[in-house]
Amino acid sequence: MLLGFGGMTIYRRPVAFVMAMLRRSICPRDLTLFGFTHGYEADLLVGAGCAAAVRSCYFGLESFGFAPMFTERVNRGEVRVIEETEAEHRVWTACRDSRDRVHAVDRVDRHRPAEAAA
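From a predicted model like this one, the values you see are computed outputs, not experimental measurements.

Caption draft 1: Spatial organisation of the packing of aromatic side chains. Across all of its chains, the model carries one aromatic pair by this definition. When the centroid spacing of 3.8 Å and the interplanar angle of 5° are considered together, the rings of F59 and F70 count as stacked. Of this pair, F59 sits in strand 5 (residues 58-59) while F70 sits in helix 3 (residues 68-75), placing them 11 residues apart in sequence. By relative accessible area, F59 is classed as buried at 11%. Classification of F70 by relative accessible area gives buried; the value is 11%.

Now the structure itself:
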């Protein structure tokens, strides 16, 4: 299941939502966390074993350093990391399925100025 988060690094993150998820008797498993950046709330889900994959440009706690549970689980090979650029992230969020993703990338390429395409 794909779970997307808003906010930026450690600001305006859905911590209360994540804490409520973790308090449930049946915690979700095999989540793919999707967001431009991931911070404390995503680190809690990774540490609880809820996340199987992460799609993001950045995962950390900004000036507080690395996200410790994320770092540990990735180093053990328990979480798959799909690193994305800002452009990839935008195209992926704009598309609904894999067929649309291919067409969206094609549309982006056709609308770039000629000098940028070279």
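Structure shown, so let's carry the discussion forward.
Caption draft 2: A look at the sheet that holds strand 4 (residues 51-56). Ordered by their spatial adjacency, four strands build an open sheet running 1-2-4-6, and the pairing between neighbours is parallel. Either end of the sheet is taken by a strand with one partner, and the two such strands are strand 1 (2-4) and strand 6 (80-83). Within the sheet, the average angular offset between the axes of one strand and its neighbour, ignoring direction, is 20°. The pairing of strand 4 with strand 6 spans four bridges and is classified as parallel. By the bridge assignment, R55 is partnered in strand 6 with I82.

Caption draft 3: Inspection of the nonpolar core at higher detail. Ranked by internal contacts, the top residues of the largest apolar core, which has 19 residues, are L3, F5, L33, L45, V46 and F59. If you list the elements that add at least two residues to this core, you get helix 1 (15-23), strand 2 (31-34), helix 2 (40-47) and strand 4. Among the elements that line this core, the one with the most residues is helix 2, at four residues. If near-sequence neighbours (up to four positions away) are discounted, F59 is found in contact with H38, G39, A42, D43, V46, V54, A67 and F70.

Caption draft 4: Highlighting unusual backbone geometry. One non-glycine residue with positive phi stands out, namely R12, at about 55°. Mapped onto the elements, R12 comes out in the loop between strand 1 and helix 1. Classification of R12 as exposed rests on a relative accessible area of 78%. One non-glycine residue, D30, lies in positive phi territory at about 55°.

Caption draft 5: Here's a closer look at the pairing of strand 4. With respect to burial, strand 4 is a largely interior element, five of its six residues being buried. As judged from the four bridges shared by strand 2 and strand 4, these two strands associate in the parallel manner. Bridge pairing links F34 to R55 in strand 4.

Caption draft 6: Here's a closer look at the pattern of salt bridges. Tallying each qualifying case throughout the model produces five salt bridges. One salt bridge in this structure joins R13 and E41, with 2.7 Å as the shortest N-O distance. Taken as a pair, R13 in the loop between strand 1 and helix 1 and E41 in helix 2 lie far apart in primary sequence, 28 residues in all. Take R13: its relative accessible area is 12%, and that puts it in the buried class. A salt bridge links R55 to E84; the nearest nitrogen and oxygen atoms lie 2.5 Å apart. In this pair, R55 sits in strand 4 while E84 sits in the loop between strand 6 and helix 4 (86-94), placing the two residues 29 residues apart along the sequence. You can call E84 buried: its relative accessible area is 9%. The structure contains a network of salt bridges with shared partners spanning E72, R73, R76 and E78.

Parameters at a glance
- Residues numbered from 1 in each chain as written.
- Predicted model: local features only at pLDDT ≥ 70, side-chain atom pairs only at ≥ 80, totals over all residues.
- Heavy atoms only, no water.
- Phe/Tyr/Trp six-rings, centres within 6.5 Å; stacked < 30°, edge-to-face > 60°.
- Helix = DSSP H or I, 4+ residues; strand = E, 2+ residues; numbered from the N terminus.
- Buried < 20%, exposed > 50% of the residue type's maximum accessible area, 1.4 Å probe, protein only.
- Pairing = 2+ DSSP bridges.
- Axes fitted to C-alpha atoms, helices over the stretch in contact; angles between N-to-C directions.
- Core = buried A, V, L, I, M, F, W, Y, C linked by side-chain atoms within 4.5 Å.
- Contact = heavy atoms within 4.5 Å.
- Salt bridge = Lys/Arg side-chain N within 4 Å of Asp/Glu carboxyl O.

Such coordinate-based values are descriptive only and should not be taken to indicate function.
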